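# Fold and geometry: a report
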Amino acid sequence: MSRVSLKFFAGAAEAFGTAETEVEGPGDLTELVEALTVGRDARLKEVLDQCSFFVDGEHCRALDTPLPAEARVDVLPPFAGG
């Protein structure tokens, strides 16, 4: 079974109340989002819907992106400014 380490940044960390966590078993980003939001406030899904995901340092635009075992996923909300 795979384990994904997550690091939340800025508003995503604020929304989830933590900067880091781990999730067991998601096969792709869609399953990861589901695991993070099941049974929780619907606003968390809204936050994740706006975020960018970086898997092992690579930006992943598609939620069907497979997650390798022991992956690290960085979750970044949109940033204002430039």
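Residues numbered from 1 in each chain as written. Predicted model: local features only at pLDDT ≥ 70, side-chain atom pairs only at ≥ 80, totals over all residues. Heavy atoms only, no water.

## What about the pattern of salt bridges?
In total, this model carries five salt bridges according to the counting rule given. The partner of Arg-3 in a salt bridge is Glu-22, with the nearest N and O atoms 3.5 Å apart. Residue Arg-3 is located in strand E1 (residues 3–8), and its partner Glu-22 is located in strand E2 (residues 20–24); the two are separated by 19 residues in the primary sequence. For Arg-3, a relative accessible area of 31% gives the class partly exposed. Glu-22 gets classed as partly exposed once you look at its relative accessible area, which sits at 47%. Salt-bridge contacts for Glu-70 lead to Arg-3; the nearest nitrogen and oxygen are separated by 3.0 Å. (Salt bridge = Lys/Arg side-chain N within 4 Å of Asp/Glu carboxyl O. Helix = DSSP H or I, 4+ residues; strand = E, 2+ residues; numbered from the N terminus. Buried < 20%, exposed > 50% of the residue type's maximum accessible area, 1.4 Å probe, protein only.)

## Overview of the sheet that holds strand E5 (residues 72–76)
The mixed open sheet is built from five strands, whose spatial order is E2-E1-E5-E3-E4. Two strands close off the open sheet at either side, each with one partner strand: E2 and strand E4 (58–60). With strand direction ignored, the average angle separating the axes of adjacent strands in the sheet is 30°. Taken together, the three bridges between strand E3 (residues 52–55) and E4 define a ladder with antiparallel strand orientation. For Val-55, the partnering residue across the bridge sits in E4 and is Glu-58. (Pairing = 2+ DSSP bridges. Axes fitted to C-alpha atoms, helices over the stretch in contact; angles between N-to-C directions.)

## Observations concerning unusual backbone geometry
You will see that Ala-10, though not glycine, has its phi angle at about 50°, which is positive. With respect to the element layout, Ala-10 can be found in helix H1 (residues 10–16). Classification of Ala-10 by relative accessible area gives partly exposed; the value is 46%. For Glu-70, which is not glycine, the phi torsion reads 65° and is therefore positive. By secondary structure assignment, the location of Glu-70 is in the loop between E4 and E5.

## Thoughts on the packing of aromatic side chains
A full pass over the atoms with the stated rule returns one aromatic pair. Ring geometry for Phe-8 against Phe-16: centres 4.7 Å apart, planes inclined by 10°, an arrangement best described as stacked. A relative accessible area of 8% means that Phe-16 is categorised as buried. (Phe/Tyr/Trp six-rings, centres within 6.5 Å; stacked < 30°, edge-to-face > 60°.)

## Considerations on the nonpolar core
By size, the foremost hydrophobic cluster in this structure holds 21 residues, and its most contacted members are Leu-6, Phe-8, Leu-29, Leu-32, Leu-36, Val-73 and Val-75. Counting only elements with at least two residues in this core, the list comes to E1, H1, helix H2 (29–37), helix H3 (42–50), E3 and E5. When residues of this core are assigned to their parent elements, the largest contribution, four residues, is made by H2. Setting aside chain neighbours within four positions, we find Val-75 in contact with Leu-6, Lys-7, Phe-8, Phe-9, Ala-12, Leu-48, Cys-51, Ser-52 and Phe-53. (Core = buried A, V, L, I, M, F, W, Y, C linked by side-chain atoms within 4.5 Å. Contact = heavy atoms within 4.5 Å.)

These results come straight from atomic positions and should not be treated as a statement about function.
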